[in-house]
Amino acid sequence: LVATATKTTTTMEFVQVDNRNLPLLRKFFDVLWNNFAETEMDNWDLWVEEADWSEENMTKTRSKKLAVVALDERKNVVGGTCWEYFRESQHYLFSFLYVGDGGRGRGLGLRLGIKTWKIAEKLEREHGHRFSHLFCEMHDPSKIELDSDSIDPLDRIRMFSHMGVKLVKGMEYFQPPLHKGDKPQPMIFGIVLTPRVRLDSDGSPYIPREQLVGFLSDYYHDLLGGGYEKDPTFQ
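Residues numbered from 1 in each chain as written. Predicted model: local features only at pLDDT ≥ 70, side-chain atom pairs only at ≥ 80, totals over all residues. Heavy atoms only, no water.

Chemist: Hey, could you run me through the pattern of salt bridges in this one?
Modeler: Between side chains of opposite charge, pairing is possible as soon as their charged atoms come close. Here the structure, examined in full by the defined rule, presents nine salt bridges. Of the charged contacts, one joins Asp218 and Arg62 as a salt bridge, the two residues approaching to 2.7 Å between their closest N and O atoms. Of the two residues, Asp218 is situated in helix H5 (residues 209-224) and Arg62 in the loop between helix H2 (44-50) and strand E3 (63-71); the sequence distance between them amounts to 156 residues. Here Asp218 and Arg62 have matching classes, each one buried. Note that Glu124 and Arg196 form a salt bridge whose closest N and O atoms lie 2.8 Å from each other. Taken as a pair, Glu124 in helix H3 (residues 108-127) and Arg196 in the loop between strand E9 (185-192) and strand E10 (198-199) lie far apart in primary sequence, 72 residues in all. Its relative accessible area of 28% is what places Arg196 among the partly exposed residues. (Salt bridge = Lys/Arg side-chain N within 4 Å of Asp/Glu carboxyl O. Helix = DSSP H or I, 4+ residues; strand = E, 2+ residues; numbered from the N terminus. Buried < 20%, exposed > 50% of the residue type's maximum accessible area, 1.4 Å probe, protein only.)

And the structure:
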């Protein structure tokens, strides 16, 4: 998910934010809450729990939130990203990208992505949180009303394309509902091209079936709980 907002800034500081800095985590949460639909957001208590990467809390949730914010000289959040780490399948999902106008045209989205990637590598190197791929979801412009999204779906696709995202071909993808009673959403499923991604002969990303199924199983299980295998959109 991607959102943009009006804000001007000159210098930026990039900071990983977790449960050890609750005021800043809350500030980022509120920015996302104000720029994304309620149906796309976990509640605050879950954010606090999933932002706790401590060893004793690591297995309490199926996924963890890796959040990085860009702060201006007044410590305002002018941009931020949130990736979700799925422990069992060992993949990340690019869940949120927020870019204020002060960062647009300055490559802030890419800079946030590079910073978050480096932190993910540090978590892998120092704490053993291994990962293979970074996946992402994008609204399908042909299946969504423009005024129902926080940003033009075509703009989102273009932004992710600049960040090295390639579409995963040959699959129909539905985002599992975040809240009970919500409907699955038809989406475009992508992967960020990194040195860890293999390419086939025509330059398209190649993802071993077991890795793709592993991630989707982890993701659906996280949101739907036990019995997710029976969900028709998973099948």
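Chemist: Teacher, can you tell me more about the packing of aromatic side chains here?
Modeler: One pair of aromatic rings is described through two measures. These are the centre distance and the angle between the planes. Scanning all chains against the criterion turns up 22 aromatic pairs. When the ring of Phe86 is compared with that of Phe215, the centres are 5.5 Å apart and the planes differ by 90°; the resulting orientation is edge-to-face. Placement of Phe86 in strand E4 (residues 77-86) and of Phe215 in helix H5 is noted, with a sequence separation of 129 residues between them. We note that Phe86, like Phe215, is buried. Consider the rings of Phe94 and Phe160, whose centres lie 5.2 Å apart with planes at 85°: the pair is edge-to-face. Of the two residues, Phe94 sits in strand E5 (residues 91-100) while Phe160 sits in helix H4 (residues 153-162), which places them 66 residues apart along the sequence. Using a relative accessible area of 2% as the deciding quantity, one classes Phe94 as buried. Look at Phe160 and you get buried, because its relative accessible area is 0%. Chaining the aromatic ring pairs together yields one cluster made of Trp53, Trp83, Tyr85, Tyr92, Phe94, Trp117, Phe131 and Phe160. The ring centre of Trp47 lies 5.3 Å from the NZ or CZ of Lys65, which sits over that ring. (Phe/Tyr/Trp six-rings, centres within 6.5 Å; stacked < 30°, edge-to-face > 60°. Lys NZ or Arg CZ within 6 Å of the ring centre and 35° of its normal.)

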